[in-house]
Amino acid sequence: MDTNPMYRIDTPENKAYLRAMVRELLQFAVRYPSPEGCAYYLKDDGSPWPEKNLDNYETCRMIHCYCMGKFLGFPSSDDLIDAGLKGLLGTMRDQVNGGWYN
């Protein structure tokens, strides 16, 4: 059994570890927005993968992640949320028939 306090729930070391992981994950994806606001898929290094199709699922996921980031005080969350909403309400929205493209 691993007795490292970093991996034991509710220890100060565990809380610090989890905070660091959240910051790292949110920092990894800060380059998600395409110029239209939709979310790029990201490569292993966090850089955009423009050859892959843009889709609503990924855009909604990024909006959700940065809404949580806002609650946790992650800088630039507001701008990243706005970028995703720009895509959902603009490029990805079917203005004629309603609904969304994918």
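See the structure printed just above.
If you're wondering where the values come from, they're calculated on a predicted model, not measured in any experiment.

J.: Give me the lowdown on the overall build of the chain, citing residues and values where you can.
T.: Secondary structure summary: the chain contains 3 helices and 0 strands in total. Taken from the N to the C terminus, the helices and strands of the chain come in the order α-α-α. Over its C-alpha trace the chain gives a radius of gyration of 17 Å, far above what one expects of a compact globule, namely 13 Å for 102 residues. Residue burial in the chain is summarised as follows: out of 102 residues, 30% are buried. The long-range fraction of contacts in the chain, counting pairs at least 24 apart against all pairs at least 6 apart in sequence, stands at 37%. Taken as a whole, the chain presents about 7000 Å² of accessible surface, with 58% of it coming from carbon and sulfur. Within the chain, the 14 negative side-chain charges are centred at a point lying 4 Å from the centre of the 11 positive side-chain charges.

J.: Any details on unusual backbone geometry? Residues and values, ideally.
T.: For Asp10, which is not glycine, the phi dihedral falls at a positive 75°. One non-glycine residue, Ser76, adopts positive backbone phi at about 70°. A residue is classified by how much of its surface remains accessible, and Ser76, at 41% relative accessible area, is partly exposed.

J.: Help me get a handle on the packing of helix α2 (residues 56-71) against helix α3 (residues 77-89), residues and values and all.
T.: Direction vectors running N to C along α2 and α3 enclose 155°, while the axes themselves pass 9 Å from each other. Relative to α3, the element α2 is oriented roughly antiparallel. Considering how the two elements wind past one another, α2 and α3 form a crossing that is left-handed. Touching Asn56, Thr59, Cys60, Ile63, Tyr66, Cys67, Gly69 and Lys70 of α2 are Ser77, Asp78, Leu80, Ile81, Gly84, Leu85 and Leu88, all from α3. Counted by class, the contact of α2 with α3 contains 8 nonpolar, 5 polar and 2 charged residues.

J.: Quick rundown of the packing of aromatic side chains? Include the residues and the values.
T.: Counted under the stated rule, the structure contains 3 aromatic pairs. A ring pair is formed by Tyr7 and Tyr17, whose centres lie 5.6 Å apart and whose planes are at 70°; its orientation type is edge-to-face. You can see Tyr7 sitting in the segment before α1 (12-28) and its partner Tyr17 sitting in helix α1, a full 10 residues away along the chain. Given a relative accessible area of 46%, Tyr7 falls into the partly exposed group. In this structure an aromatic cluster arises from ring pairing among Tyr32, Tyr66 and Phe74. Lying across the ring of Trp100, Arg93 places its NZ or CZ 4.6 Å from the centre.

J.: A description of the environment of Phe28 should follow, citing residues and the corresponding values.
T.: Position of Phe28 relative to the elements: it lies in helix α1. Considered as a pair, Phe28 and Ser47 are 19 residues apart in the sequence and their alpha carbons are 8.5 Å apart. Once residues lying within four places of it in the same chain are set aside, the contact partners of Phe28 are Leu42, Lys43, Asp44, Asp45 and Gly46.

The rules we used
Residues numbered from 1 in each chain as written. Predicted model: local features only at pLDDT ≥ 70, side-chain atom pairs only at ≥ 80, totals over all residues. Heavy atoms only, no water. Helix = DSSP H or I, 4+ residues; strand = E, 2+ residues; numbered from the N terminus. Rg over C-alpha atoms; globule rule 2.2 N^0.38 Å. Buried < 20%, exposed > 50% of the residue type's maximum accessible area, 1.4 Å probe, protein only. Contact = heavy atoms within 4.5 Å. Areas by Shrake-Rupley, 256 points an atom, 1.4 Å probe, with all protein chains shown as cover. Lys, Arg positive; Asp, Glu negative; His and termini not counted. Charge placed at Lys NZ, Arg CZ, Asp CG, Glu CD. Axes fitted to C-alpha atoms, helices over the stretch in contact; angles between N-to-C directions. Parallel < 35°, antiparallel > 145°, perpendicular 65-115°, else oblique. Left-handed = near helix turned anticlockwise from the far one by under 90°. Nonpolar A, V, L, I, M, F, W, Y, C, P; charged D, E, K, R; others polar. Phe/Tyr/Trp six-rings, centres within 6.5 Å; stacked < 30°, edge-to-face > 60°. Lys NZ or Arg CZ within 6 Å of the ring centre and 35° of its normal.

Purely spatial values, then, with no claim about function.
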